[in-house]
Amino acid sequence: DADVICNLEVAFPFCNDSFDVIIGEHVLEHIHNLIFTIEEIFRVGKPGGRVIIEVPYFSSVHYFQDPTHVHSFTAHTFDYFISDTEVSKFDYSQARFLLLKVEFPPPRNAGFIKRLMFKWINQHIDFYEKHLAYLLPRHLLRFELMIEKP
């Protein structure tokens with residue numbers, strides 16, 4: 001059972017710097033104003049806090065089949081919030097994170113060959129995204145971020 005149920009499209013009902021860990025699984029793809037929600041995650045997270053996000057990948061049929069999905073994600077979607085990336089200079093937001101990890105998690109029931117395939121894809125994620133994403137579509141993308149605040 002949830003301790004708090006709230007609308008993630010408006011200011012979160014929490015004080016600044018409240019959480020060490022924030023987990024969002026299958027949430028952000030439903031948010032209309034993604035930048036605002038990322039800023040709220042940043043606001044309520046403690047400096048050095050961890051943010052773990054699971055979202056649908058852009059080539060996933062599961063992204064397209066759900067009529068409530070309004071965003072799909074790439075391995076570089078959060079680059080706009082990560083200091084010193086090429087696109088962070090656009091300053092869409094003052095929220096800043098350090099990218100700890102981005103990966104396609106293998107399904108829990110994946111066999112040896114499938115796990116090897118996921119390992120290769122995760123080691124060559126940019127190549128995969130540019131050349132193989134529609135040939136071998138993955139469904140879930142996981143980000144681990146760290147909140148960067150003074």
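Scroll up for the structure.
What counts and how
Residues numbered from 1 in each chain as written. Predicted model: local features only at pLDDT ≥ 70, side-chain atom pairs only at ≥ 80, totals over all residues. Heavy atoms only, no water. Helix = DSSP H or I, 4+ residues; strand = E, 2+ residues; numbered from the N terminus. Rg over C-alpha atoms; globule rule 2.2 N^0.38 Å. Buried < 20%, exposed > 50% of the residue type's maximum accessible area, 1.4 Å probe, protein only. Contact = heavy atoms within 4.5 Å. Areas by Shrake-Rupley, 256 points an atom, 1.4 Å probe, with all protein chains shown as cover. Lys, Arg positive; Asp, Glu negative; His and termini not counted. Charge placed at Lys NZ, Arg CZ, Asp CG, Glu CD. Patch = residues over 30% accessible without salt bridge, like charges linked within 9 Å, V, L, I, M, F, W, Y side chains within 5 Å. Salt bridge = Lys/Arg side-chain N within 4 Å of Asp/Glu carboxyl O. Core = buried A, V, L, I, M, F, W, Y, C linked by side-chain atoms within 4.5 Å. Pairing = 2+ DSSP bridges. Axes fitted to C-alpha atoms, helices over the stretch in contact; angles between N-to-C directions.

### Examining the overall build of the protein chain
And step 1. If you tally the helices and strands in the protein chain, you get four helices and four strands.
And step 2. In terms of overall dimensions, the protein chain is globule-like: its C-alpha atoms have a radius of gyration of 16 Å, near the 15 Å expected for 150 residues.
And step 3. In terms of its C-alpha atoms, the protein chain occupies a principal-axis envelope of roughly 45 × 35 × 25 Å.
And step 4. For the protein chain, with 150 residues in total, the buried portion stands at 37%.
And step 5. In the protein chain, once contacts between residues fewer than 6 apart in sequence are set aside, the share between residues at least 24 apart is 71%.
And step 6. Of the roughly 9,000 Å² of accessible surface on the protein chain, 57% is carried by carbon and sulfur atoms.
And step 7. For the protein chain, the distance from the average position of its 14 positive side-chain charges to the average position of its 20 negative side-chain charges is 8 Å.

### Brief notes about a nonpolar patch on the surface
And step 1. Together, Ile35, Phe90 and Tyr92 give the surface a local cluster of nonpolar side chains, amounting to about 300 Å² of exposed area.
And step 2. Relative to the helices and strands, Ile35 resides in helix H1 (residues 34-44).
And step 3. What makes Ile35 partly exposed here is its relative accessible area of 31%.

### Let's talk about the nonpolar core
And step 1. Formed by 33 residues in total, the largest nonpolar core has its most connected members in Leu28, Phe78 and Phe97.
And step 2. The biggest single contributor to this core is H1, with five residues.
And step 3. Excluding anything up to four places from it in sequence, Leu28 contacts Leu34, Thr37, Ile38, Ile41, Ile53, Val55, His71, Phe73 and Phe78.

### Considering the sheet that holds strand E4 (residues 140-147)
And step 1. Strand order in the open sheet made by the four strands is E1-E2-E4-E3, with mixed pairing throughout. Two strands lie at the open edges of the sheet, namely strand E1 (19-25) and strand E3 (97-103), each paired on one side alone. Taken pair by pair, the neighbouring strands of this sheet meet at an average axis angle of 15°, ignoring direction.
And step 2. Pairing geometry for E1 and strand E2 (residues 45-56), over six bridges, is parallel. Bridge pairing links Ile23 to Ile52 in E2.

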